[in-house]
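# Examination of the molecular architecture
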Amino acid sequence: MNAYERYQQTVEVPPRHWRWNLYGAGLENLGRNGAPEYLPTPAPTDTQLLVRIDAVGICFSDLKILRLGGAHPKIARDLSTHPVVMGHEIACTVAQVGSALTDRFHVGERYIVQADVYVGGRVQAVGYALEGGYTQYALMTEPVLNGDAGCYLLPCPNHLSYAEAALVEPWACVVASYRIAPAPLHPAPEGDWLVVLPHAPAVQYRCSALQKLLALSPPHRPSGAVVILQDTRGAPLSEAFQEVAAHLGKPVVAIPCAPEKLYDPATLQDALAYAQGGGFRHALVFGDAPAPFLEAVIDSLVYGGYLSFTCHRRLAPVPVDAGRLHYDRLMILATSSWDITDALSLTRSTALRKGDRLLLFGAGGSMGQMHLHYALSHEPPPAQVVVVDRHPERLEPLRALGEPLASERGITLQFYCNAGASLEEQFARLRELAPHGFDQVMLLASSPDAVPLAYSLLTDGGILNLFAGIPRGQKTPLDLTLLATRHMRLMGSSGSTMDDIRECLDKTASGALPTRKVLTAVGGLNTLPEALTAVQEHRYLGKVVLYPHLPRLPLQAITALSEPVRRHLESERYWTREAEEALFNEWWKQTTP
């Protein structure tokens, strides 16, 4: 039995283990004196598991935690007294089982982790609020084991390497971004609504979706209020909204407004005081609201919130917080119709369709590789995929990955290096490649300046998906008139669901999804600060995975590993289970590091 086999079959729990706690913002607050801490190994309670962390991938979002510390919205606590263990791309093995869980889990079972844990509708993400994977052993606590979706651990087949298992999680985020459904055909019964109604006797404003809500059974536990700002001269549609609110058990707050105050952001601030959840889940704005009011409404939306508005003349550019579109999954919709429901019904899902033209902007990293493979393997196939990055060397792995697939499937695949090009020059070149615009633009660059460019490249009915995490608070002016006149969709995506990650795990296990092909560097637990810096500097062209139980393994590209490991790489560049076995045989010791 070699070292790799012994590691797999021997799940011992030492009295102490190595762990990277984060005590505040900045690398200087990671661990103690630039090193991991050697701490007592925690013991699970009756309702917890202790797992051995076998492999953990580094995500760019870890750098955002490092930058913000306890101010990160998914953490929001004093890390100096309650530190966090980052790392959410996890492959693990059960090491100890709480006495109340012995019928569900057994020592030696392998799992991957769905990081987006929800309890009571609120996220408690692994590696953020909950303990993550930059440690040798971690507790899986009640939220992970009994959350809204049940257990957030997924059984992992033994034939997968630890690295490719850990990388299922980021792949699931990619798949999820192409599985976002069209907008719902009516406002969500839950949460607070904002309704803005002008006096418009010459037209018949409508919301035909209200009839669908009247057909629903009232919720057992009504939530949220309906706050109506209505013109003092009269707004007949107010009665229809009040009828629906009564049917759903929602309190109504009707606020009469003088015409000059109806679209005043200060009026909106007064309305926010009546929102039971601190903001609005759905805002329906009738008439021709000016840009400053629409900006304020977008700012008032809660997580998962929608703005639907009517638009009958050209708007001034509206400053939009692109970071909130991504992190808070906001959606902005509009229509030129008198029926505001058309803003909801005239949208499409993010699924790739036969003949679509897809732009992957800022695709030079590992996530771009995943997006490219997904698009080129998709059934039905898109007609055209254009890949953009400003680093020419980062386009080469994409060519190697994509050109054989594109040729086999008859997809036009084009690459554009935008290094040094002005926004006007980039627009001209991309319009030359796709004269009629793109059906979908996946923005993988975390640059606010790229948002208006990507937005301007959409075709009628096109979707701009902000996949990269642009920092909250950085607003960019956008012509939202186009949402109404051309039925475009502006949104962001972040994370994945249990269905997404389960499908990716199944495809990885069958060989249909090569998660291992985006791995370009590995290291031991001790290299975490160096590895985070390497990801920040884009030192490697793909993913970096750490092996917590090979703590002294230097951080290095997989093509720079020792010859006994390199000989097992597929095509001299792709990770394999055999390469991982050779790595453990070289570096794993059953001794305290």
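The rules behind these values
Residues numbered from 1 in each chain as written. Predicted model: local features only at pLDDT ≥ 70, side-chain atom pairs only at ≥ 80, totals over all residues. Heavy atoms only, no water. Helix = DSSP H or I, 4+ residues; strand = E, 2+ residues; numbered from the N terminus. Rg over C-alpha atoms; globule rule 2.2 N^0.38 Å. Buried < 20%, exposed > 50% of the residue type's maximum accessible area, 1.4 Å probe, protein only. Contact = heavy atoms within 4.5 Å. Areas by Shrake-Rupley, 256 points an atom, 1.4 Å probe, with all protein chains shown as cover. Lys, Arg positive; Asp, Glu negative; His and termini not counted. Charge placed at Lys NZ, Arg CZ, Asp CG, Glu CD. Pairing = 2+ DSSP bridges. Axes fitted to C-alpha atoms, helices over the stretch in contact; angles between N-to-C directions. Expected span 1.5 Å × (residues − 1). Salt bridge = Lys/Arg side-chain N within 4 Å of Asp/Glu carboxyl O. Arc of directions from axis to C-beta. Polar contact = N/O pair within 3.5 Å; in protein donor to acceptor, adjacent residues only side chain to side chain. Parallel < 35°, antiparallel > 145°, perpendicular 65-115°, else oblique. Left-handed = near helix turned anticlockwise from the far one by under 90°. Nonpolar A, V, L, I, M, F, W, Y, C, P; charged D, E, K, R; others polar. Disulfide = S-S within 2.5 Å. Phe/Tyr/Trp six-rings, centres within 6.5 Å; stacked < 30°, edge-to-face > 60°. Lys NZ or Arg CZ within 6 Å of the ring centre and 35° of its normal.

### A word on the overall build of the chain
- Per the secondary structure count, the chain includes 20 helices and 26 strands.
- Radius of gyration (C-alpha) of the chain: 26 Å, near the 25 Å computed for a compact globule of 593 residues.
- Considering only C-alpha atoms, the chain reaches an extent of 85 × 55 × 40 Å along its principal axes.
- Evaluated residue by residue, the chain yields a buried proportion of 58% over its 593 residues.
- Nonlocal contacts in the chain, meaning residues at least 24 apart in sequence, comprise 78% of its contacts between residues at least 6 apart.
- Entry remark: accessible area of the chain is about 22700 Å², with carbon and sulfur atoms responsible for 52%.
- Of the charged side chains in the chain, 50 are positive and 59 negative; the average position of the first set lies 1 Å away from that of the second.

### Points about the side chain of Gln 230
- Looking at the secondary structure, you find Gln 230 in strand 11 (residues 226-231).
- Judged by its relative accessible area of 19%, Gln 230 is buried.
- With residues up to four places along the chain from it excluded, the contact list for Gln 230 reads Leu 197, Ala 235, Ser 238, Gln 242, Ala 254, Ile 255, Pro 256, Cys 257 and Leu 262.

### Side note on the sheet that holds strand 10 (residues 193-197)
- In space, the twelve strands of this open sheet follow the order 12-11-10-13-14-16-23-21-20-17-18-19, with mixed pairing throughout. Because the sheet does not close on itself, it has two edges, and the strands there are strand 12 (252-257) and strand 19 (412-417). Going across the sheet, the axis of each strand differs from the next one's by a mean of 15°, ignoring polarity.
- Bridge count between strand 21 (residues 458-466) and strand 23 (residues 489-492): four bridges; the pairing is parallel. Paired with Asn 465 across the two strands is Met 491, which belongs to strand 23.

### Describing helix 12 (residues 366-377)
- Compared with the 16 Å implied by 1.5 Å per residue over twelve residues, the 17 Å span of helix 12 between its first and last C-alpha is a close match.
- When you tally the buried positions in helix 12, you get ten out of twelve residues, the bulk of the element.
- Turning to helix 12, its buried residues number three or more, namely Ser 366, Gly 368, Gln 369, Met 370, His 371, Leu 372, His 373, Tyr 374, Ala 375 and Leu 376.

### A short note on the pattern of salt bridges
- The final tally for this structure, using the stated rule, is 30 salt bridges.
- With a closest N to O distance of 3.8 Å, Arg 32 and Glu 37 form a salt bridge.
- Residue classification places Arg 32 among the partly exposed positions, given a relative accessible area of 45%.
- For Glu 37, a relative accessible area of 12% corresponds to the buried category.
- The salt bridge involving Arg 313 is made with Asp 288; its shortest N-O contact spans 2.9 Å. Of this pair, Arg 313 sits in the loop between strand 14 (301-310) and strand 15 (318-321) while Asp 288 sits in the loop between strand 13 (280-285) and helix 9 (291-299), and the two are 25 residues apart along the sequence.
- The exposure class assigned to Asp 288 is partly exposed, which follows from its relative accessible area of 25%.

### What about helix 7 (residues 237-248)?
- An ideal rise of 1.5 Å per residue puts 16 Å on twelve residues; helix 7 measures up with 17 Å between its terminal C-alpha atoms.
- Listed in full, the buried residues belonging to helix 7 are Leu 237, Ser 238, Phe 241, Val 244, Ala 245 and Leu 248. On an axial view of helix 7, the arc spanned by its buried residues comes to 125°, and they lie on one face. Residues of helix 7 that are exposed and point over 90 degrees away from its buried face: Glu 239 and Ala 246.

### Overview of the environment of Thr 135
- For Thr 135, the position within the fold is in the loop between strand 7 (122-123) and strand 8 (137-140).
- Taking C-alpha positions, Thr 135 is 55 Å from Glu 243, a pair spaced 108 residues apart along the chain.
- In this structure, Thr 135 is in contact with His 17, Trp 18, Arg 19, Ile 53, Val 85, Leu 525 and Pro 548, ignoring residues within four places of it in sequence.
- At 3.5 Å, the side chain of Thr 135 and the side chain of Arg 19 are in polar contact.

### Describing the packing of helix 5 (residues 168-177) against helix 17 (residues 498-510)
- Running from amino to carboxyl end, helix 5 crosses helix 17 at an angle of 120°, the nearest separation of the two axes being 8 Å. The angle between helix 5 and helix 17 places the two elements in the oblique class. Taken as a pair, helix 5 and helix 17 cross one another with a handedness that is right-handed. Counted together, Val 168, Glu 169, Trp 171, Ala 172, Val 175 and Ala 176 of helix 5 and Asp 500, Ile 501, Cys 504, Leu 505 and Thr 508 of helix 17 form the full contact between these two elements.
- Its residues placed into classes, the contact of helix 5 with helix 17 shows eight nonpolar, one polar and two charged.

### A few points about unusual backbone geometry
- For the peptide bond that leads from Glu 379 to Pro 380, omega is 5°, which places it in the cis range.
- Looking at the element boundaries, Pro 380 is found in the loop between helix 12 and strand 18 (384-389).
- Positive phi, normally seen in glycine, also occurs at His 487, with a value near 55°.
- Topologically, His 487 is positioned in the loop between helix 16 (481-485) and strand 23.

### A short note on the state of the cysteines
- The full count for this structure, using the stated rule, is zero disulfides.
- Free cysteine Cys 173: the closest other cysteine sulfur is in Cys 59, separated by 7.1 Å.
- A residue is classified by how much of its surface remains accessible, and Cys 173, at 12% relative accessible area, is buried.

### Let's talk about the packing of aromatic side chains
- Under the counting rule described, the total for this entry stands at 14 aromatic pairs.
- Relative to Tyr 162, the ring of Tyr 7 has its centre 5.7 Å away and its plane inclined at 85°; by these criteria the two rings are edge-to-face. Here Tyr 7, found in helix 1 (residues 3-9), pairs with Tyr 162, found in helix 4 (residues 162-166); they are 155 residues apart in sequence, far enough to count as distant. With respect to class, Tyr 7 is no different from Tyr 162; both count as buried.
- Three or more aromatic residues joined by ring pairs make a cluster, and in this case those are Tyr 4, Tyr 7, Tyr 162, Tyr 547, Phe 584 and Trp 588.
- Here the guanidinium or amino end of Arg 32 rests over the ring plane of Tyr 23, the centre of that ring lying 3.6 Å away.
- For Lys 74, the ring lying beneath its charged end belongs to Tyr 128, and the centroid distance is 5.0 Å.

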